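Take a look at the letters that make up each chain.
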Amino acid sequence: MNELDLVVRAKRVITTAGEVARAVGVRDGRIVALEPLDADLPAARVVDLTGDEALLPGLVDTHVHVNEPGRTEWEGFATATRAAAAGGITTLVDMPLNSVPPTVDTPSLEVKRKTAEGQCHIDVGFWGGAVPGNTAELRGLHDAGVFGFKCFLLHSGVDEFPPLDAAGVEAALRELGTFDGLLIVHAEDSDAIDHAPTAHGEHYHDFLASRPRGAENVAIAQVIELARWTGTRVHILHLSSSDALPLIASARRDGVRVTAETCPHYLSFCAEEIPDGATQFKCCPPIREAGNRELLWQGLAEGVIDCVVSDHSPCTVDLKRFDIGDFGVAWGGIASVQLGLPAIWTQARPRGHSLSDVVRWMAERPAELAGLRHKGRIALGYDADFCVFAPDEAFVVDTARLHHRNPVTPYAGRPLAGMVRSTWLRGTEITGDQPIGRLLERGAA
């Protein structure tokens, strides 16, 4: 074999065959060799991992709000991708809202791409948006390379990205069905929310009552039926209600093309432990009770939930309203893109899960969801995207060491297990000194 660009040797490599000792050879940014640990593989650079390190595929986070352009003071491509890289993520897919303009037509997609160009430390793709009146734009966005289309069933939190009603969802699904597109759905029912108690004050249980499980359950049931009628693919975003798991499982048995994700915060925190006024925990749908959390873990273990992604949705410190601690007026969003892997590993290991499980949830399945054919696995022909992870090292979250723009997170001061020691993109170590990420298009990634 001609000299390789890079060989990484590790006693613990998480591959599609499980955890094995391997020498991983890289040429031109792709994995071209997976050999026994002591194999003779001449290379320009050889990296030997220590005994306490595991080589994981770079994680894939398909739910990130970068917010640039338009709300760059909340977050931006440079800061979001640097934080993601520090968390072992090598690919993210940016959500179409909270930026101005939102990504709801091809000109707005081009604005976002031009803004992102030259700023990204990891590879970045884009979701499009499905909003009232843009059904005719969906095919153009698809052809321009977005990975699918996001919609809301209730107010999104920003006026420039309005929700779809049931007829609008059906119209979008029928249009997407003509080119096998994917609709990803924030599934909370607006009528159920309107009839719930109003969010107010510093007590978390009052906020939780304003976003009841029933609002999720009804919305998910409606989306499933629309997917059943149209035959189009749908994906349920940030599932927080465990009540919906039987609905999803039943629909799949019937052949409905539905997938679902959840997030580290739903698997880490519980409503009973959220202090008064701690608005850094506010998100929609909300963090629910401890019993609900355990059922989400069960759904993940059983494969009803496909993947775990961040829903990184930061804002400026003032919008969290720490001055009054009012859950009703604070911005709802969890900032955590750098911490997802250790947060999940901290919870997964005592429940009997392996690193292979975590890789499936946070790398392999998100890549499959988005159609990223060369991401999410350590396998021949895949991009040489790696996360060097020390699963037995512990740390306490220090916001001064986080790279996202505004250092607010509910994980602050929390002890976590597992440390990301380095992240590699197509065989090059990400140092943060120079952006090396590429902008991805569906079909070419």
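The structure we're discussing is the one just above.
Rules used throughout
- Residues numbered from 1 in each chain as written.
- Predicted model: local features only at pLDDT ≥ 70, side-chain atom pairs only at ≥ 80, totals over all residues.
- Heavy atoms only, no water.
- Helix = DSSP H or I, 4+ residues; strand = E, 2+ residues; numbered from the N terminus.
- Rg over C-alpha atoms; globule rule 2.2 N^0.38 Å.
- Buried < 20%, exposed > 50% of the residue type's maximum accessible area, 1.4 Å probe, protein only.
- Contact = heavy atoms within 4.5 Å.
- Areas by Shrake-Rupley, 256 points an atom, 1.4 Å probe, with all protein chains shown as cover.
- Lys, Arg positive; Asp, Glu negative; His and termini not counted.
- Charge placed at Lys NZ, Arg CZ, Asp CG, Glu CD.
- Core = buried A, V, L, I, M, F, W, Y, C linked by side-chain atoms within 4.5 Å.
- Pairing = 2+ DSSP bridges.
- Axes fitted to C-alpha atoms, helices over the stretch in contact; angles between N-to-C directions.
- Arc of directions from axis to C-beta.
- Expected span 1.5 Å × (residues − 1).
- 1 Å grid on protein atoms, 1.4 Å probe; cavity = no way out; pocket = protein on both sides within 12 Å on 5 of 7 lines; lining within 4 Å.
- Points joined across faces, edges and corners; volume = space filled by probe spheres on them.
- Nonpolar A, V, L, I, M, F, W, Y, C, P; charged D, E, K, R; others polar.
- Parallel < 35°, antiparallel > 145°, perpendicular 65-115°, else oblique.
- Left-handed = near helix turned anticlockwise from the far one by under 90°.
- Phe/Tyr/Trp six-rings, centres within 6.5 Å; stacked < 30°, edge-to-face > 60°.
- Lys NZ or Arg CZ within 6 Å of the ring centre and 35° of its normal.

**Student:** Describe the overall build of the protein, with residues and values.
**Tutor:** Tallying secondary structure elements over the protein gives 12 helices and 17 strands in all. Here the C-alpha atoms of the protein give a radius of gyration of 21 Å, agreeing with the 22 Å that 2.2 N^0.38 yields for 445 residues. Dimensions along the principal axes, computed over C-alpha positions, put the protein at roughly 65 × 50 × 45 Å. Across the 445 residues of the protein, 60% fall into the buried class. Considering only contacts in the protein between residues 6 or more positions apart, those separated by 24 or more positions represent 75%. Accessible area for the protein stands at about 15,900 Å²; split by element, carbon and sulfur atoms hold 49% of it. Distance between charge centroids for the protein: 4 Å, based on 41 positive and 60 negative side chains.

**Student:** Before we move on, could you go through the nonpolar core and cite the residues and values that matter?
**Tutor:** With 98 residues, the main nonpolar core has Leu56, Phe149, Leu183, Leu341, Ile344 and Trp361 as its most contacted residues. Discounting residues that sit within four places of it in the chain, Leu56 has contacts with Ile14, Leu341, Leu355, Val359, Ile378, Asp385, Phe386, Cys387 and Phe389. By size, the runner-up hydrophobic cluster in this structure holds 25 residues, among which are Val93, Val104, Leu154 and Trp331.

**Student:** Residue-level account of the sheet that holds strand β9 (residues 128–129), with values.
**Tutor:** Taken in spatial order, the six strands of this open sheet run β9-β10-β11-β12-β13-β14, and their pairing is parallel. A single partner strand is all that each edge strand has here, and the edge strands are β9 and β14 (307–308). Bridging between strand β12 (residues 233–236) and strand β13 (residues 258–262) involves three bridges; their strand directions are parallel. Of the residues in β13, the one forming a bridge with His235 is Thr259. Against the sheet, helix α7 (residues 213–230) touches β11 (182–186), β12 and β13, its axis set at about 165° to β12.

**Student:** Let's hear about helix α8 (residues 245–253): which residues, and what values?
**Tutor:** Restricting attention to buried positions, one finds in α8 the residues Leu245, Ile248, Ala249 and Ala251. For α8, the angular spread of buried residues about the axis comes to 160°, placing them on one side. In α8, the exposed positions that point more than 90 degrees away from the buried face belong to Pro246 and Arg253. Just past α8, the residue Gly255 takes up positive phi, approximately 95°.

**Student:** Run through helix α10 (residues 290–302), naming residues and quoting values.
**Tutor:** End to end, α10 covers 19 Å across 13 residues, agreeing with the expected 18 Å (1.5 Å per residue, within 8%). Among the residues of α10, those classed as buried are Asn292, Arg293, Leu296, Trp297, Gly299 and Leu300. End-on, the buried residues of α10 take up no more than an arc of 160°, which puts them together on one face. Following α10 by one or two positions, Gly303 has its phi on the positive side, about 85°.

**Student:** For empty space enclosed by the protein, give the residues involved together with the corresponding values.
**Tutor:** Counted under the stated rule, the structure contains two cavities of 30 Å³ or more. For the largest cavity, the calculated volume is near 80 Å³. Around the largest cavity, the lining residues are Leu59, Val60, Asp61, Gly87, Ile89, Val308, Val309, Ser310, Val337, Gly340, Leu341 and Met362. Those elements giving two or more residues to the lining of the largest cavity turn out to be β6 (59–64) and α11 (340–348). Class assignment of the residues belonging to the lining of the largest cavity gives a composition of eight nonpolar, three polar and one charged.

**Student:** Report on the packing of α11 against helix α12 (residues 355–370), specifying residues and quantitative values.
**Tutor:** The description of two packed helices rests on the angle between their axes and on the distance between the axes. Contact geometry for α11 and α12: axes closest at 11 Å, N-to-C directions at 135°. Of the possible angle classes, the one that applies to α11 and α12 is oblique. For the pair α11 and α12, the crossing hand works out as right-handed. For the pair α11 and α12, contact is made by Gly340, Leu341, Ile344, Trp345 and Ala348 and by Leu355, Val358, Trp361 and Met362, respectively. Classifying every residue of the contact of α11 with α12 gives eight nonpolar, one polar and no charged.

**Student:** Break down the packing of aromatic side chains for me, with residues and values.
**Tutor:** To describe a pair of aromatic rings, you give the distance between the ring centres and the angle between the ring planes. One pass over the structure, following the stated rule, counts 10 aromatic pairs. Relative to Phe126, the ring of Phe77 has its centre 6.2 Å away and its plane inclined at 75°; by these criteria the two rings are edge-to-face. Remark: Phe126 occurs in strand β8 (residues 123–126) and Phe77 occurs in helix α1 (residues 77–86); sequence separation between them is 49 residues. Residue Phe126 is classed as buried on the basis of its relative accessible area, which comes to 1%. A ring pair is formed by Phe269 and Tyr411, whose centres lie 4.8 Å apart and whose planes are at 45°; its orientation type is tilted. On the criterion of sequence distance, the pair formed by Phe269 in the loop between α9 (264–268) and α10 and Tyr411 in the loop between β15 (386–396) and β16 (415–425) is long-range, its members being 142 residues apart. Here Phe269 and Tyr411 have matching classes, each one buried. Feature note: the residues Tyr204, Phe207 and Phe327 constitute an aromatic cluster, connected by ring pairs. Just above the ring of Trp74 sits the side chain of Arg71; from NZ or CZ to the centre is 5.3 Å.

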